[in-house]
Amino acid sequence: MSKSEKTLDRRQFLLLGGLGGAGALATAGIADAAASNEQNQGSIRYGMVVDIRKCVGCKSCAVACKAENHTPPGVAYSVVMEQEIGTYPDVRRRFVFRPCMQCATPSCTKVCPTKATHIRDDGIVAIDYDRCIGCRYCIAACPYGVRAFDYGHDYHSAPTPYENQPSPEYGQHKRRARNTSPIGNVRKCHFCLHRIKKGLAPACASTCLGNAIHFGNLHDPEARCWVHGERLRSLLASHNNIRLKEELGNNPSVYYLI
Amino acid sequence: MTDRSQKENPAEQQPMERRDFLRSAAFLGGTGLLSGVVAPVFSQMAHAQRMAELDEGKHTYVQNDPEHIIYSVCLQCHTSCSIKCKVVNGVMVKVDGNAMCPQNRVPNVPYATSPEKAAVAEGKICPKGQAGIETLYDPHRVRKVLKRKPGTKRGGGQWVTIDFHTAVKEIVGGGDLFGEGRVEGLKDVYVLRDRAIAKAMAADVAKIKKKAMTVEEFKSTHAANLGVLIDPNHPDLGPKNNQFVFLAGRIQHGRNELMKRFTNASFGSVNTIEHTTICEQSHHIAYKAMTDKWDEGKWTGGKTHMKPDVGAVRFVLFFGTGFSEANFGPPILSQLMAENLATNGVKFAVLDPRLSRSAGKADWWIPLKPGSDGAFAMGMVRWIIDNDRMDRRYLENANAAAAKDDKETSWSTAAYLVKIQDGRPARYLRADEAGVGTKVEFVVSRGGRLLPVDPNNKEKAVEGDLDATLHKDGIEARTAFALLRDRAREMTLAQYAQTCGVSEDHIVEMAKRFTSYGKQAAAEFYRGAVQHTNGYYNGQAIITLNVLIGNSGWKGGLCAGGGHWHEFGGSPGNPYDFKKMHPSKFPAFGVMSNREKNRFEDSTLFAGYPAKRPWYPFTSNVYQEAIPSAGDGYPYPVKVMFLHMGTPVFSTPAGDKQISILQDTKKIPLLVACDVVIGETSMYADYLFPDGSFYEQFGTPHSPPVVLTKVSPFRQPVVGPLTETITLDGLEMPINLEAFLIAVAKQLGLPGFGKDGFGPGKSFNHQDDWYLKAAANIAMGDKQGEAVPAAGASEMQLFAKARTHLPKSIFDIERWKNAAGADYWPHVVYVLNRGGRSEDTDKMYKGSTQSHPYSGMFQLFVETVAQGKNSISGKSFDGLPRVEPAMFANETPVGSDKEYPFRLITFKEIFGTQSRTTPSNLWLDELLPENAVVMNRLDAEKLGLNPGDRVRLASQANTEGKYNLGNGEVRRVEGKVRVVEGMRPGVVAVSWHFGHWASGSRDATVDGQLVKGDPTRSRGFTPNPVFLEDTGIGRVCLTDPIGGSASFYDTDVKIIRV
Amino acid sequence: MQNNNASTSPALRVIGYLVLAALTLAGLWFAADKFVSGPIHEGTTQFVTWGIWVSGYIFFLGLSAGSFLISTLIYVFGVKQLEEAGPAALVQAFGCLVLGGILIVLDAGHPERMYMVLLHFNPTSVMAYMGLFYNLYIAILLVEIYFAIRPQLVRKVNDGDRPGWLYRLLSLGSRRLDAESFRRDKKWLMILGILGIPAAIIVHGGVGTIFAVAKARPNWLGGLFPLLFIVSALTSGGALLTFLTAAFSRLPKPRKLALVRSLAQLTLTVLLIDALIVFADTLTTTYGGIPAQASTEHLVLTGPYRWIFWIGEVAVGLALPVLIILLPATNNRVGWLGFAGLCVAIGMLGARLTIVLPPQITPAFPDSLGAYNHLRYTYGYFPSTADVMVLVGVFALGVWMVVLAGKYLPLEEASLTSAQEGGALS
Ligand SMILES: Nc1nc2c(c(=O)[nH]1)N[C@H]1C(S)=C(S)[C@@H](COP(=O)(O)OP(=O)(O)OC[C@H]3O[C@@H](n4cnc5c(=O)[nH]c(N)nc54)[C@H](O)[C@@H]3O)O[C@H]1N2
Ligand SMILES: Nc1nc2c(c(=O)[nH]1)N[C@H]1C(S)=C(S)[C@@H](COP(=O)(O)OP(=O)(O)OC[C@H]3O[C@@H](n4cnc5c(=O)[nH]c(N)nc54)[C@H](O)[C@@H]3O)O[C@H]1N2
Ligand code: SF4
Ligand code: SF4
Ligand code: SF4
Ligand code: SF4
Ligand code: SF4
Ligand SMILES: [Mo]
């Protein structure tokens, strides 16, 4: 169906949703489904709106990320940065979830000598493991420190059944084996591309305890968060929003509400 | 599915590689120079093509497909979240929340949604839950039955593997099992087997308690059978059967009922003891006491756990807890609070000496002195009453009818007259005493007239004056409210503030706020406020705040939760009433080995105060007393102890003092443990039975009360068992608690198990027989015609397809069907396909009230407690909240000592759990590799300590800061310093979870072979060994004499640099 | 101190060779391990992702480019007093390129795919151009070396010196020794030299640019690095050449002294410029005090890297050589000047370390420290055994090159003859 049709029936749905919890929730279900169709459409720029006022610092996002992507020890796609602000007794705690910013003008793709790191039409910055030579220039160049080199560590000397399962990343299902990609490659958050392809929100956003991570298509004015159903543009308009290191001009796709 | 994708994956890569290679060869054939120049031109094409390839819908991702999903219930902590386990090739590859369960997603995916559709949505779970896979596949799990190597000491780490059946025979039959002489088996303890005799004795023991029969009379009546008693001179101790103690630790619902069936109803021992007093018991007891139901002249118990409706509340006070670190539980509480914060701007204060994650987000952080929560609450009570800010209208309602008129669902005893005896409020005045009614009615005064009240009367509304006094022919009485007011006025606000070490304004501001949002304010409290010797009173004071504004049952007020369907039957709709499904139930009787639920004064052991060890008339599951009591053989020696899912030695304050008892084969001749690893306590066992992890288990856990709709999460096996599979009477089953209990029961010939275990034609041979009947009860519902829909053909297929990886030992569709009952089966499948049963979140409220409100009475004055006495000091307990310092059992205050200038407290990290997860769970380990002594910068500066410095903690009870494992190893209470701003100066905090000395961290020898432990799993340290021991009692920590809570926050320490 | 390896006793020399052999083998072992076990034994972290291998790489690349540029002084600009150093400079340039190449290949996570750089050339990646010009540069060097020593090779073939096969191979079958052929040699040397200058500059300036464009690392970012890298290339190249000539040249004394001296003076000049740039950079960033930048400077000036900086770079790499080259007492002694060259070279190695490592140490978000705990996320960098042994091995390999080249390649004779012939013609 055409885009307008789709957004329309999504809105109708939300209308219902407004009335009862069931509907509102279904936003999620539907938003997911709808989003999956969005795949076939142009002008997609996937992004996140992270509401740090709602972030409770649980780090479920970071662990979900590990579990989802089978990242080895020493590789963290996302972290939650903690800070204590003020002095006793006037103290607060701040937590900032930091995935890859999926910059619209990324430093990493620019410097990558092989174009292994490339930006996709949907705005996601992905890595082609089979092309990456592991030079780490991208790590040196990323101003957000989100990239990690896979040194080939493993959690258990004798791999657990889970560790023997391939990682679903990029739909490639690579099994972990010495000296084969992604070992020796640089890795990073890819907005759970393999899930998005199935119309599923990123693992971190899905489990976020504070409903703080919102995900969706920043280009579609009507687009709603795949997980919580809020209209992304309204969210951005409703509070002060910032992007990290805005001044560097990387034009991140991750916004923070403060 | 993945196999395909895997096959397809190389297919996807290979040609590309080759093409790349050829092309490059062509270039490299020339000089590097040439290739360099030419490549760029081509690479554009190459790039585009490559991208296309990567994108060609090759994104096979199966783990969210319905046939790869089994819904179950998490148990990384005990919040029991509903989870969505994703299994591919028989391996669990991801865990997420169950979006259909209101506990893990608000709003939830409608329960009626087909599993196929629901598969796309995920619920929310915390980091521990997300890391479950690491726990499931923990390489240090035990898989075979272990037996202490004969000739070696308990805790020596020397084991031999033993065949399951042999182990069961030995445990039942006893004999010279360890070359240390004869050990009595269960059959020797299972002495009284005749139900009739038991019944008669039980009845007479009840008489003895009521002083309606003397011991001599008893002895002559039962002369023939005195031999079955532990001590004929003290028949009230019960039969020898009681010398079997089931220490159940953190046992889960489902297993809990099974344990009780085994121990009480079949074996005839009264001793099933859970972990609750090291957890939050005084919180439960305070609620239970204040909601105690009056039923035809008896107090019949009340709600143990209520919470603020955090989704709609507009002002919350968190005493010693929060919403984002622990409590019950992080996923639901965080979700609701965060949403409430963003949409309604809920205001909240956290009272905690430590800046918890929640406090770090709060509008007010009030770092009060540890143990002063009651004082703070009473300060608020005083201000509220002095300024007349309570809800008089609510408080004057004296019964259900009056409440109904005001659209209230609860009412209180505020206006009830309380009799003053020997100058203290003793008990509620009964209507017969006042000459206005019967002895099952109470009395209020309205405009000088005395009126009888039947609290539960729904027709005739009765209201009473809040401030009334009665002096009439020798009877002196005042209203509970007036007594509370006088109690609150015993101290000035300044004094309260000083006790709490906060400013008076704090108390006033909180009181003002609390009374500024009508019914949409609430006070929540948990461990921090109650795991003190004064825990019960603290709890009572805080609950009193809620009563003063009458917030219970309102949207945004206090809630008791939506409850659950009765999985063990008893309601009209339930097909199986487990209580009745027992061929011959044993009336277990006698004093419990830890003397809980019993009054010292009633027992034949009573010969004036003090008792040898405390008695606990008002509480239950007094965990910390179980082993020390066995150590003293008081009230009687223990012969056989089962330990399940608990590590008292590790998780109890001063628990290390119990080690020597566990090691003493005279005190506990036979010690059998059931554990997933060789744990801190199970390492001392004679036999260790492996258990399945919770992903391999069944269970029927209950959701926390903050879930406002009715929910029954159902735990079911998600992956094949990692423990050994055995065959019992021709049935394959994995070794786990259930297999163990069934086998022992059969070996002992206990009724209620095995053939016809549930009654004629209904056998109990396999765990399925137990749990699938429970599932049927949930599926068919409590009321007639409340059944869930029957699963259709496609759901039936999905059900089987999702379980193809499960072995016959745990999944056999026919066996399951028979166990559940063919008629119920399709409904059961419907439930299993959704991980349980739940009402949708749109049913949370009816207008401005909750759909499932607590409808009952709140007691401002607790009669039962006022009637009780401290078994050590002999002093009476108080019916009103009381501000009290930390005290030993004999009521001497702990006091303070310049030598130990810091107060030690403890807390839970959001990514740590019970005694599990960190650091043995490597994903969580990465979030915090070891805990620390957290202290304020000012204190650190005073002591000249820098972050990372190593220090040891020592207390009056443990002046060295050391503890002995009794196997040659001495450990130190030692860790790194962490310096923060967010900590009350003078208080230091050490988080839980760390400092394991077993659980895979230590070497063990099995069948002569060394099984290496991983020392990194013992990182960090546990503060428990420095918590104060009640030396007057011995080998037990300080304890709340009413609520029974173990004290975790009343110990002062010194900090020794090392 | 005196230079002539002739005087060192055979026993010592044998021991020397044994040690050298041992170190080389050790290096080889760890290099091989990289292909067996992958990168797991490397000491770098997710913050300091480029370690001492990359530092070594740019060090050798610098030497190479430097030596080459000096050779162009001879073949392109016909600077007479350096003539004899010409061929040596070229061979040195080539050798260092090889050594650097080994390190960078090892540093890559997937060396076997490095051809991807050319195959999927990314026009916006400085590193991609590096790969490109690296090839180009090697090509030029090889051809140029051929022309530089062809006559002498031919002579050796004719004189039947052994190993004959080697000389026949190297001379690529050329037999001509007539003036015409010499002129052609010179012409080619000139042309290739001219071609080579941009190549060398791009290669090493390029490396500088790799760092200079990384806005994520404030202490790298900016216009200074490309220049600095070229200057320090010259400095290190000159320094090494000075040292090697002083140590191994078999020229008659006076000419040798003259040669070494002019090399030393050249080195001194560029060294001072280099120092000036570094000083300016350090001063401004510390003065500006932007945390991200200043923190790095503190690491260098007062932090863990202070020894490398103050002792290695300032004392040994700058003060000492400047004194030696300026003081009359030492500046006419071949040995001292050679030593000065060595000092500068060592200082340059230090400079490479302080340029590469410290700016990476402070993470993009200091708060992220402790958010995720693993040795790859720890603060600071300490090279692993593998890191060190491989680097040592590569240096050992370098010494082998010097020894063998000195033994078998007719460098100076070549320069002499070609120079004479050329001279005769002019
Ligand atoms: N992440 C996580 N969540 C859990 C669990 C877990 O293991 N991990 N376990 C579950 C279980 S079993 C339980 S019982 C609950 C416990 O839930 P909580 O009671 O919320 O958890 P604790 O951290 O034990 O509570 C102690 C808190 O009280 C503070 N405190 C200490 N002393 C005092 C005091 O005197 N006064 C006040 N006001 N505060 C004080 C501590 O700083 C700490 O913040 O959590 C449940 N949820
Ligand atoms: N310092 C400090 N101490 C504390 C606390 C604190 O906050 N600070 N919290 C207290 C609280 S609230 C509680 S509830 C207790 C909890 O403490 P525990 O009840 O001891 O913790 P659990 O992890 O529930 O159970 C511990 C034992 O059960 C075993 N086990 C784990 N899973 C299974 C299973 O599936 N089956 C079987 N059979 N065994 C299993 C473990 O190996 C371990 O030996 O700790 C208390 N202790
Ligand atoms: S954050 Fe870093 S890795 Fe991610 S796109 Fe931007 S530059 Fe690239
Ligand atoms: S490491 Fe891989 S992705 Fe990063 S720049 Fe080098 S080739 Fe590109
Ligand atoms: S989007 Fe996916 S990859 Fe990125 S941080 Fe979240 S979970 Fe990790
Ligand atoms: S899961 Fe959500 S709330 Fe928890 S830390 Fe991550 S972003 Fe914050
Ligand atoms: S809160 Fe407890 S039960 Fe819920 S997911 Fe986390 S660990 Fe599991
Ligand atoms: Mo607990």
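Just above sits the structure.
So, here's what we can say about the structure. By convention here, each chain's residues receive numbers from 1 onward along its written sequence. Lettering for chains starts from A, numbering for ligands starts from 1, and both go in the order in which the items are written. Given that this is a predicted model, residues contribute local features only at a pLDDT of at least 70 and side-chain atom pairs are listed and counted only at 80 or more, while totals for whole chains, interfaces and linings are drawn from all residues. Processing note: side-chain calculations cover all non-hydrogen atoms of the structure and skip hydrogens and water entirely.

Details of the nonpolar core
- Residue types Ala, Val, Leu, Ile, Met, Phe, Trp, Tyr and Cys, when buried and joined through side-chain atoms within 4.5 Å, form a set referred to as a nonpolar core. Each residue's exposure class comes from its accessible area (1.4 Å probe, protein chains only) as a fraction of the maximum for that residue type: buried when under 20%, exposed when over 50%, partly exposed otherwise. Grouped together as the largest cluster of nonpolar side chains are 204 residues, with contacts concentrated most on Met92(B), Phe642(B), Tyr687(B) and Phe689(B).
- Element by element, the count of residues in this core is highest for helix 25 (residues 737-748) of chain B, at nine residues.
- Throughout, a contact is declared for two residues whenever any of their heavy atoms are within 4.5 Å. Discounting chain neighbours no more than four positions away, the residues touching Phe642(B) are Ile171(B), Leu186(B), Phe244(B), Val245(B), Phe246(B), Leu247(B), Phe262(B), Val672(B), Phe740(B) and Leu741(B).
- Residues Leu63(C), Leu97(C), Leu132(C) and Val157(C) belong to the second largest nonpolar core, which totals 111 residues. In this text, helices come from DSSP runs of H or I with a minimum length of four residues, and strands from runs of E with a minimum of two, each type numbered from the N-terminal end.

Some remarks on the packing of aromatic side chains
Residue and element names in this part refer to chain B.
- Side-chain rings of Phe, Tyr and Trp (the six-membered ring for Trp) are treated as a pair once their centres are within 6.5 Å; stacked means planes under 30 degrees apart, edge-to-face means over 60, and tilted covers the remaining angles. The full count for this structure, using the stated rule, is 86 aromatic pairs over all chains.
- The interplanar angle of 70 degrees and the centroid separation of 6.2 Å between the aromatic rings of Phe 319 and Phe 376 together place this pair among those described as edge-to-face. Taken together, the residues span a long stretch of sequence, with Phe 319 in strand 11 (residues 315-319) and Phe 376 in helix 13 (residues 373-386) at a distance of 57 residues.
- Since its relative accessible area comes to 0%, Phe 319 is described here as buried.
- Note on Phe 376: relative accessible area 0%, which makes it buried.
- Arranged with centres 5.8 Å apart and planes meeting at 75 degrees, the rings of Tyr 416 and Tyr 428 form a pair that is edge-to-face.

What about the environment of Glu680(B)?
Residue and element names in this part refer to chain B.
- Looking at the secondary structure, you find Glu 680 in the loop between strand 24 (670-675) and strand 25 (687-690).
- Overall, Glu 680 belongs to the buried group, its relative accessible area being 1%.
- Taking the C-alpha atoms as reference, Glu 680 lies 9.9 Å from Arg 1002; in sequence the two are 322 residues apart.
- Apart from the residues within four sequence positions on either side, Glu 680 is in contact with Thr 647, Phe 650, His 996, Trp 997, Ala 998 and Ser 999.
- N or O atoms within 3.5 Å of each other form a polar contact, as long as, within protein, one can give a hydrogen and the other can take it, and as long as residues adjacent in sequence are counted only when both atoms are side-chain atoms. In this structure the side chain of Glu 680 is engaged in a polar contact, spanning 3.0 Å, whose partner is the side chain of His 996.
- At 2.9 Å, the side chain of Glu 680 forms a polar contact with the backbone nitrogen of Ala 998.

What to know about the packing of helix 13 of chain B against helix 21 (residues 535-549) of chain B
Residues and elements named next belong to chain B.
- Contact pair helix 13 / helix 21: the axes reach a minimum separation of 8 Å and the direction vectors enclose 30 degrees. Between helix 13 and helix 21, the angle is such that the two are roughly parallel. Between helix 13 and helix 21 the crossing geometry is left-handed. Of helix 21, the residues touching helix 13 (which contributes Asp 373, Gly 374, Ala 377, Met 378, Met 380, Val 381 and Ile 384) are Asn 538, Ala 541, Ile 542, Thr 544, Leu 545 and Leu 548.
- Three classes are used, and their members are as follows: Ala, Val, Leu, Ile, Met, Phe, Trp, Tyr, Cys and Pro are nonpolar, Asp, Glu, Lys and Arg are charged, and the others, Gly among them, are polar. When the residues that make up the contact of helix 13 with helix 21 are grouped by side-chain class, the tally is nine nonpolar, three polar and one charged. Axis definition: a line fitted to C-alpha atoms, over the contacting stretch in the case of helices. Angles run 0 to 180 degrees between N-to-C directions. Small angles under 35 degrees read as roughly parallel and large ones over 145 as roughly antiparallel, with 65 to 115 read as roughly perpendicular and the rest as oblique. Two helices cross in a left-handed way if the nearer one is turned anticlockwise from the farther one by less than a right angle. They cross in a right-handed way if the turn is clockwise.

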